[in-house]
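Residue-level listing of the chains:
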Amino acid sequence: MAAIPPPVAAIRVAVRRALTELSADGPVLVACSGGADSLALAAAVAFVAPRAGHAAGLVTVDHGLQTGSAERAETVARWAEQVGLTPVEVVRVEVAGRRGGPEAAAREARYQALVEVAGRHRAAALLTGHTRDDQAETVLLALARGAGPRGLAGMPPRRDLAGVPLVRPLLEISRGQTRAACAALGLTPWEDPHNLDPAYARSRVRAEVLPVLVATLGPGVLDNLARTARLVAADNAVLDELADEALLAARHPDGGLAVKTLADLAAAVRGRVLRAWVHELGAPPAALSHRHLAALDLLVTDWRGQGAAYLPGGLRVVRRAGRLLPAPDEAPGAVDEAPGAVPAEGPDPAVPGL
Ligand SMILES: Nc1ncnc2c1ncn2[C@@H]1O[C@H](COP(=O)(O)OP(=O)(O)OP(=O)(O)O)[C@@H](O)[C@H]1O
């Protein structure tokens, strides 16, 4: 029997490990673009899943953004049927008319479609082909925009996506390995032109920044960036747990948070408590910046009788009677008095742009 090429074996091992960690029954569905990463993943799933007692299918999304996209989707689907994956679905999505830039709109449309298909088939998991290289890019981009530990933790290997477990079995597999696996299996991956488009920061990181880092710092740099994500994620998990407990302890029956309890917390925990609380209040997570959270934090740590902290989604938070409270309307004069307090009028001037 011919030896299994090492990249093919490595990807199968990663897939087998991911499948054994699944708790639910139901098929696993590979989200496959036809690119090298998700094609290598789908090939490994087609081999491993039946041997591990799992049904396995494939979904490919046609964003309709490039000529030939429908043919690309059909080609992926026909191949998937040939290798025994079932169910196989091609989903055409409408990207135009959505919020955000084209990349974000395509991602939103794609994930909605994938969740719909996974829900309909009661899938045990949706598998994506994100690799170690994608993870390294994510960490670098997060570092560059000052995203903090939440961003530096990169993509988790498992997370809930609107009720569907999203699993990324290839986070420790390199892009070189997925390409080599495709070549060894005689598969021709689709090359996404967006991946080479310098209009996208991620494409520039992929094409220009990472090669320079590898050339100057050595080939271990990609593994090291991905390891950074794992280390930070582990620390985040502990801090998030502490923050869950602290949020409970700080809650007041009127929906506010006790300032005294917040003030006693370590800054890293308090930041998480405030973030979680304003999410609950309905602040859209994507629009919540460190400046919003800093303004909120000042109500606790640098109380001078200032006015409300203004948050995205039209929310305001004031400090009143020893608590942080959401304040739908301006209520001058009703805030805590502080020695030498400035009047409560509008946003904190120390936080520009709010
Ligand atoms: N059109 C699509 N249909 C289904 N799944 C997709 C599609 N595009 C992306 N995905 C899923 O999302 C993952 C990440 O996609 P992205 O385009 O960000 O990365 P990539 O490194 O180019 O991946 P790939 O080589 O698989 O295209 C893919 O590996 C795949 O699982």
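Everything numeric in this text was worked out from a predicted model, so none of it was measured. (Residues numbered from 1 in each chain as written. Predicted model: local features only at pLDDT ≥ 70, side-chain atom pairs only at ≥ 80, totals over all residues.)

### Concerning the pairing of strand S10 (residues 323-326)
- Here two bridges tie strand S7 (residues 257-258) to S10, and the two strands are oriented antiparallel to one another. In the strand pairing of S10, Leu 257 is matched with Leu 324.
- In the sheet, strand S9 (residues 315-320) pairs with S10 via four bridges, with the strands oriented antiparallel. Bridging across to S10, Arg 320 finds its partner in Arg 323.
- Between S9 and S10, which pair antiparallel and follow one another directly, the connecting turn spans two residues, one of which, Ala 321, has a positive phi of 50 degrees. (Pairing = 2+ DSSP bridges. Helix = DSSP H or I, 4+ residues; strand = E, 2+ residues; numbered from the N terminus.)

### Observations concerning the domain arrangement of the chain
- One can read the domain layout of the chain as domain 1 (6-226) and domain 2 (251-326).
- Inter-centroid distance (C-alpha atoms) of domain 1 to domain 2 is 37 Å. (Domains from an automatic or database assignment.)

### Topic: helix H3 (residues 69-82)
- Along its 14 residues, H3 runs 20 Å from first to last C-alpha, staying within 8% of the 20 Å computed at 1.5 Å per residue.
- Looking only at H3, the buried set comprises Ala 73, Val 76, Ala 77, Trp 79 and Ala 80. Along the axis of H3, the buried residues cluster in a sector spanning 165 degrees; they form a single face. In H3, the exposed positions angled more than 90 degrees off the buried face are occupied by Glu 71, Arg 78 and Gln 82.
- Residues of H3 that are buried make contact with helix H2 (36-51), strand S2 (56-62) and strand S3 (88-92).
- Of the residues trailing H3, Gly 84 is marked for its positive phi of about 90 degrees. (Expected span 1.5 Å × (residues − 1). Buried ≥ 20, exposed ≤ 12 C-beta atoms within 10 Å, placed from the backbone. Arc of directions from axis to C-beta. Contact = placed C-beta atoms within 7 Å.)

### Overview of the site of the ligand
- Around the ligand, a shell composed of 17 residues is seen, among which Gly 35, Asp 37, Ser 38, Thr 128 and Gly 129 lie nearest.
- Secondary-structure elements contributing two or more residues to the shell around the ligand are H2 and S2.
- Its residues placed into classes, the shell around the ligand shows five nonpolar, eight polar and four charged. (Near = placed C-beta within 6 Å. Nonpolar A, V, L, I, M, F, W, Y, C, P; charged D, E, K, R; others polar.)

### Here's the deal with the sheet that holds strand S1 (residues 28-31)
- Across the sheet, which stays open at both edges, the six strands sit in the order S3-S2-S1-S4-S6-S5 with mixed pairing between neighbours. Two strands in the sheet have a free side with no partner beyond their single neighbour: S3 and strand S5 (158-161). Averaged over all pairs of adjacent strands, the angle between their axes in this sheet comes to 30 degrees, without regard to strand direction.
- In this structure, S1 lies alongside S2, joined through four bridges in parallel fashion. From the neighbouring strand, Val 30 faces S2, where its bridge partner is Leu 58.
- The strands touched by H2 are S1, S2 and strand S4 (125-127); relative to S1, the strand with the most contacts, the crossing angle is about 160 degrees. (Axes fitted to C-alpha atoms, helices over the stretch in contact; angles between N-to-C directions.)

### Thoughts on the UniProt feature "binding site: ATP" (unreviewed entry) in the chain
- UniProt feature "binding site: ATP" (unreviewed entry): in the numbering of this structure it lies at Ser 33, Gly 34, Gly 35, Ala 36, Asp 37 and Ser 38.
- Its location among the elements puts Ser 33 in the loop between S1 and H2.
- Look at Ser 33 and you get buried, because 22 C-beta atoms sit within 10 Å.
- Beyond its immediate stretch of four places on either side in the chain, Ser 33 contacts Ser 38, Thr 60, Trp 190 and Asp 192.
- Mapped onto the elements of the fold, Asp 37 is located in helix H2.
- What Asp 37 contacts, discounting residues up to four positions off in sequence, is Gly 129, Thr 131, Leu 170, Arg 175 and Thr 178. (UniProt positions renumbered as here; feature names shortened; annotations may be inferred.)

### As for unusual backbone geometry
- For the bond from Thr 86 to Pro 87, the omega torsion is 5 degrees, close enough to zero to count as cis.
- The backbone phi angle of Arg 122 is positive, close to 45 degrees, even though this residue is not glycine.
- The residue Arg 122 is located in the loop between helix H4 (102-120) and S4 in this model.
- The phi angle at Ala 162 is positive, at roughly 50 degrees, despite the residue not being glycine.

### Considering the sheet that holds strand S8 (residues 309-311)
- Spatial ordering of the open sheet is given by S7-S10-S9-S8, a layout of four strands whose pairing is antiparallel. Either end of the sheet is taken by a strand with one partner, and the two such strands are S7 and S8.
- Direction of pairing for S8 relative to S9: antiparallel, over a ladder of three bridges. Residue pairing for S9: Leu 311 is matched across the bridge by Leu 315.
- Each of S8, S9 and S10 is contacted by helix H12 (residues 290-301), which is oriented at about 150 degrees to S8, the strand it contacts most.

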